[in-house]
Amino acid sequence: MKTLATLALVVATTNPAWAQFAKPEDAIKYRQSAMFVMQQNFSRVAAMASGKAPFDAKIAADSAAVAEFASRLPWAGFGEGTDKGRDNRARAEIWSDKAKFNDYADKIQAEMVKLSAAAKTGNLDAIKPAVRAVGGTCKTCHDAFQKD
Ligand code: ASC
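I will try to describe carefully the structure that is included in this document. From a predicted model like this one, the values you see are computed outputs, not experimental measurements.

As a further point, take helix α6 (residues 124-145). Here α6 spans 31 Å end to end across 22 residues, near enough to the 32 Å set by a 1.5 Å rise per residue. I127, A130, V131, V134, T137, C141 and F145 are the residues of α6 that are buried. Along the axis of α6, the buried positions cluster into a sector of 130°, meaning they face one direction only. Seen from the buried face of α6, the exposed residues on the opposite side, beyond 90 degrees, are D125, R132 and K139. Of the surrounding elements, those touching the buried residues of α6 are α2 (24-49), α3 (57-70), α4 (93-96) and α5 (98-121).

Before going further, it helps to examine the pattern of salt bridges. As enumerated under the stated definition, the model contains nine salt bridges in all. K58 serves as the salt-bridge partner of D62, at 2.6 Å between the closest nitrogen and oxygen. Placement of both D62 and K58 in helix α3 is noted, with a separation of four residues, approximately one turn of the helix. A residue is classified by how much of its surface remains accessible, and D62, at 39% relative accessible area, is partly exposed. Taking the shortest distance from any N to any O, the salt bridge between E111 and K114 comes out at 3.7 Å. Note that E111 and K114 are positioned in helix α5 at a spacing of three residues, about one turn of the helix. Several salt bridges share partner residues, and in doing so they unite K107, E111 and K114 into one network.

Let's shift gears to the site of the ligand. Every residue near the ligand is listed here: Q39, F42, S43, G135, C138, K139 and H142. The separation between an oxygen atom of the ligand and a polar main-chain atom of G135 is 3.2 Å. In the model, an oxygen atom of the ligand is placed 3.2 Å from a nitrogen or oxygen of the H142 side chain. Going through the elements one at a time, α2 and α6 are the ones with two or more residues in the shell around the ligand. If you tally residues by element for the shell around the ligand, the top one is α6, at four residues. Its residues assigned to classes, the shell around the ligand shows two nonpolar, four polar and one charged.

Turning next to the environment of T82. Position of T82 among the secondary structure elements: in the loop between α3 and α4. When its relative accessible area of 0% is taken as the criterion, T82 is described as buried. For the pair formed by T82 and K23, sequence separation is 59 residues and the distance between their alpha carbons is 9.0 Å. A distance of 3.0 Å separates the side chain of T82 from the side chain of R31, its partner in a polar contact.

Cut-offs and rules
- Residues numbered from 1 in each chain as written.
- Predicted model: local features only at pLDDT ≥ 70, side-chain atom pairs only at ≥ 80, totals over all residues.
- Heavy atoms only, no water.
- Helix = DSSP H or I, 4+ residues; strand = E, 2+ residues; numbered from the N terminus.
- Expected span 1.5 Å × (residues − 1).
- Buried < 20%, exposed > 50% of the residue type's maximum accessible area, 1.4 Å probe, protein only.
- Arc of directions from axis to C-beta.
- Contact = heavy atoms within 4.5 Å.
- Salt bridge = Lys/Arg side-chain N within 4 Å of Asp/Glu carboxyl O.
- Near = heavy atom within 4 Å.
- Polar contact = N/O pair within 3.5 Å; in protein donor to acceptor, adjacent residues only side chain to side chain.
- Nonpolar A, V, L, I, M, F, W, Y, C, P; charged D, E, K, R; others polar.

Functional significance is not addressed by these values, which are geometric in nature.
This is the structure:
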């Protein structure tokens, strides 16, 4: 009979990366959901920064904090074997150019930390450049890795 440690090793070495989810579809749904939460909260702050929505410091700070947290989540859903299935716009380059994709994943999290910190100050003039930096990072990554 296999020991628990051996079983754990077998599982760790034979399961594909999406195995932390029940199935690849779940990984895709998870990353899409996290992106959606991030986008909803970020765009609320962005609308204030651009003057399309009235500035409310508390809503901005709360939304930026949620966007920052959400920015940590999608990446676990991009494991091997999650390139196909469920309606999704992920390009193959996510998996073939992983280093670059991971750099963008790190960058958006870093920019979100800065945005959240700026939003906590309650100063709209500090929020504006941070919103631009986040938006620029979203766009650069989408241009490279998201299908039209
Ligand atoms: C959003 C959203 C994005 C980014 C990007 C910023 O609200 O859905 O992908 O901002 O448009 O340029």
